Amino acid sequence: MNSSSSNSSMEHSRIMVDQYFIGGIIAFLLGFALFYNFQRKRDNCRASMEITVNESVSGSESRRPEGTDVIIVGAGVAGAALAYTLAKDGRQVHVIERDLTEPDRIVGELLQPGGYLKLIELGLEDCLSGIEAQRVYGYALYMGGRNAKLSYPLDKFDSDVSGRSFHNGRFIQRMRDKAASLPNVRLEQGTVTSLLAEKGTVQGVQYKTKTGQEMTAYAPLTIVCDGCFSNLRRSLCNPKVEVPSCFVGLVLENCQLPYTNHGHVILADPSPILFYQISNTEIRCLVDVPGQKVPSISNGEMAQYLKTVVAPQIPPELYNAFIATIEKGNIRTMPNRSMPAAPYPTPGALLMGDAFNMRHPLTGGGMTVALSDIVVLRNLLRPLRDLHDPSTLCKYLESFYTLRKPVASTINTLAGALYKVFCASPDQARKEMREACFDYLSLGGIFSEGPIALLSGLNPRPLSLFMHFFAVAIYGVGRLLLPFPSPKRAWLGARLISGASGIIFPIIKSEGVRQMFFPATVPAYYRAPPVK
């Protein structure tokens with residue numbers, strides 16, 4: 001009797017799922033037709049470049065070493081990895097980093113499997129050894145007393161391939177050490193104050209050394225990787241930085257995650273909470289607080305907020321450790337920034353890393369994008385022996401901005417869209433979308449593997465992202481209309497589709513429709529290396 005009932009229920013669920021999936025395909029086709037007409041071409045009007053020009057720097061010492069090929073500003077994840085990669089290809093690299101002591105950050109601690117594959121491709125995977133990096137095999141998703149385990153689709157990869165979580169500073173120091181071990185890398189502590197340019201071409205940088213001495217350094221190519229607080233990007237891109245929320249960071253000790261080797265995402269009210277292990281004994285907790293203001297730490301408002309609003313929503317296995325960490329008072333905050341890539345192609349200079357492009361850190365995709373960008377740039381520069389023709393090099397490197405788009409725009413769009421879907425909202429249509437997303441991912445099979453493959457960087461395909469996003473929306477509509485539709489529910493379903501469109505289309509617009517979905521139609525996609 002029970003077996004028959006179970007089989008019937010399973011068959012009914014299968015039929016329901018098929019209906020929703022077919023609906024998702026239809027929504028994809030209709031949505032894509034609307035989407036393609038949404039913006040046929042990005043606004044290519046670019047503001048005039050304003051590069052700080054210091055043709056003669058009074059009281060500064062000039063360094064114009066004959067062999068320097070590339071100056072890299074910043075030695076974070078992007079800068080250190082790029083320095084090693086270019087030096088390994090025979091370039092003479094000068095890296096200038098503001099502070100060479102070990103960074104202490106609360107983000108940049110989760111590397112997705114797609115990012116790990118790029119790390120292997122760059123020969124930097126050994127930088128994860130000796131820092132207690134933890135393997136990550138997927139996520140556990142919590143909402144309203146329910147939870148679902150979502151695994152990365154790693155069956156086709158070697159057993160070593162997975163995500164990794166770790167202390168950001170330890171990872172960066174290992175990469176700095178590896179880059180500095182190469183004889184053609186010069187790693188120097190100093191603060192770059194401006195780019196040096198002549199007739200619109202960047203020729204190097206002006207910087208202050210650790211002792212305060214004013215210096216100048218020259219190279220045919222300067223790559224700016226000075227992070228999210230970059231003071232140089234305004235001359236190289238159109239920086240439209242948004243701060244949708246802030247993270248409150250804590251480190252829990254003496255506890256275990258409910259699902260070992262998995263990141264934990266709690267769809268809490270008002271916004272998500274993250275847990276993941278960063279060492280053998282420590283678990284990072286990141287509490288998202290919408291907006292640019294957070295409760296004060298100094299007067300106890302933050303501790304009260306964490307205890308009364310956040311603590312009741314976390315898994316019970318972590319509750320005691322969470323409260324104990326709050327009592328210790330080691331609470332930190334940081335703003336979450338988002339900035340689409342909008343470069344001004346500039347002879348002699350290039351932007352990379354968070355200085356160039358940022359997305360909400362909810363999905364942990366930043367390092368994957370940065371490492372993928374480095375692979376693209378390395379492959380473009382490899383055929384070039386001489387970098388001393390800046391205008392020709394600049395035109396050639398415009399292809400970098402197109403070739404990076406499929407990976408970068410997929411991860412960026414997913415981060416922005418998931419954050420908005422995962423946040424609580426008083427709007428009933430948004431509530432339905434959030435519920436539909438959780439239930440869709442809980443279905444397993446293609447319904448969880450597809451989105452998780454996108455999030456992990458293993459299958460960064462914009463069309464797949466677009467289809468799954470609207471499949472979730474149609475699944476939500478199906479939940480409303482079946483088995484007995486009503487005008488009220490139909491109207492709510494229409495609002496759900498409208499809300500989903502309002503979430504994803506502006507993000508796609510900012511990423512660039514043509515470059516994201518049709519990169520092969522961009523002339524720079526086919527640009528060949530300059531021939532001397």
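Further up the page is the structure itself.
Report follows, based on the coordinates. Quick caveat, the model's predicted, so the values are computed rather than measured.

**Focus: the side chain of Ser230**
In this structure, Ser230 sits in the loop between strand 12 (221-224) and strand 13 (242-253). For Ser230, the contacting residues outside a window of four places in its chain are Val224 and Ala355.

**Some remarks on the packing of helix 11 (residues 446-455) against helix 12 (residues 462-481)**
Two elements in contact, helix 11 and helix 12, have axes whose closest approach is 10 Å; the angle formed by their N-to-C orientations is 135 degrees. As far as their axial angle goes, helix 12 and helix 11 are oblique. In the crossing of helix 11 with helix 12, the sense of the turn from one axis to the other is left-handed. Counted together, Ile446, Gly450, Pro451 and Leu454 of helix 11 and Ser464, Leu465 and His468 of helix 12 form the full contact between these two elements.

**Quick notes on the sheet that holds strand 5 (residues 134-136)**
The strand order across the open sheet formed by three strands is 4-8-5, and the pairing between neighbours is antiparallel. Every other strand in the sheet has two partners, leaving strand 4 (110-111) and strand 5 as the edge strands with one partner each. Relative to strand 8 (residues 163-165), strand 5 runs antiparallel, the two sharing three bridges. In the sheet register, Val136 faces strand 8, and the bridge partner there is Gly163.

**Describing the sheet that holds strand 15 (residues 273-277)**
Across the sheet, which stays open at both edges, the seven strands sit in the order 7-6-14-15-16-13-17 with mixed pairing between neighbours. What marks the edges here is a single partner per strand, and that holds for strand 7 (146-151) and strand 17 (332-338). Taking each pair of neighbouring strands and ignoring which way they run, the sheet shows an average axis angle of 20 degrees. Two elements, strand 6 (residues 138-143) and strand 14 (residues 263-266), share four bridges in a ladder whose sense is parallel. In the strand pairing of strand 14, Tyr142 is matched with Ile266.

**Quick notes on the environment of Tyr401**
Note on placement: Tyr401 falls in helix 8 (residues 390-403). In this structure, Tyr401 is in contact with Pro343, Pro345, Leu350, Phe356 and Gln515, ignoring residues within four places of it in sequence.

**Here we look at the side chain of Asn168**
Here Asn168 lies in helix 4 (residues 168-180). A residue is classified by how much of its surface remains accessible, and Asn168, at 2% relative accessible area, is buried. The contacts of Asn168, once residues within four sequence positions are left out, are Val77, Pro103, Arg105, Val107, Gly108 and Glu109.

**Section: helix 10 (residues 428-442)**
For helix 10, built from 15 residues, the straight-helix expectation of 21 Å at 1.5 Å per residue is met to within 8% by its first-to-last C-alpha distance of 21 Å. By the burial criterion, the buried members of helix 10 are Ala429, Glu432, Met433, Arg434, Ala436, Cys437, Phe438, Asp439, Tyr440 and Leu441. The inward-facing, buried residues of helix 10 abut strand 6, strand 7, helix 9 (405-422), helix 11, helix 12 and helix 13 (487-511). At the N-terminal end of helix 10, a side-chain oxygen is found 3.2 Å from the backbone nitrogen of Ala429, two or three residues along, and the residue is Asp427.

**Quick notes on the packing of helix 7 (residues 366-381) against helix 9**
Viewed as axis vectors pointing N to C, helix 7 and helix 9 meet at an angle of 170 degrees, and their least axial separation amounts to 9 Å. When the axis of helix 7 is compared with that of helix 9, the two are roughly antiparallel. On helix 9, the residues touching Thr368, Val369 and Ser372 of helix 7 are Val407, Ala408, Ile411 and Asn412. Grouping the amino acids of the contact of helix 7 with helix 9 by side-chain chemistry returns four nonpolar, three polar and no charged.

**Some details on unusual backbone geometry**
In this model, Asp269 is joined to Pro270 through a cis peptide bond whose omega is 20 degrees. Here Pro270 shows up in the loop between strand 14 and strand 15. The omega torsion of the bond from Leu482 to Pro483 falls at 0 degrees, within 30 degrees of zero and hence cis. Relative to the helices and strands, Pro483 is located in the loop between helix 12 and helix 13. One non-glycine residue, Lys199, lies in the positive phi region at around 55 degrees. One can find Lys199 in the loop between strand 9 (185-198) and strand 10 (201-209).

**Side note on the environment of Gln92**
With respect to the helices, strands and loops of the structure, Gln92 is situated in the loop between helix 2 (77-88) and strand 3 (93-97). Gln92 sits 90 residues away from Leu182 along the chain, and the two C-alpha atoms are 9.9 Å apart. For Gln92, the residues in contact, after removing those within four places along its chain, are Gly67, Thr68, Asp69, Val70 and Asn184.

Definitions and cut-offs
Residues numbered from 1 in each chain as written. Predicted model: local features only at pLDDT ≥ 70, side-chain atom pairs only at ≥ 80, totals over all residues. Heavy atoms only, no water. Helix = DSSP H or I, 4+ residues; strand = E, 2+ residues; numbered from the N terminus. Contact = heavy atoms within 4.5 Å. Axes fitted to C-alpha atoms, helices over the stretch in contact; angles between N-to-C directions. Parallel < 35°, antiparallel > 145°, perpendicular 65-115°, else oblique. Left-handed = near helix turned anticlockwise from the far one by under 90°. Pairing = 2+ DSSP bridges. Buried < 20%, exposed > 50% of the residue type's maximum accessible area, 1.4 Å probe, protein only. Expected span 1.5 Å × (residues − 1). Polar contact = N/O pair within 3.5 Å; in protein donor to acceptor, adjacent residues only side chain to side chain. Nonpolar A, V, L, I, M, F, W, Y, C, P; charged D, E, K, R; others polar.

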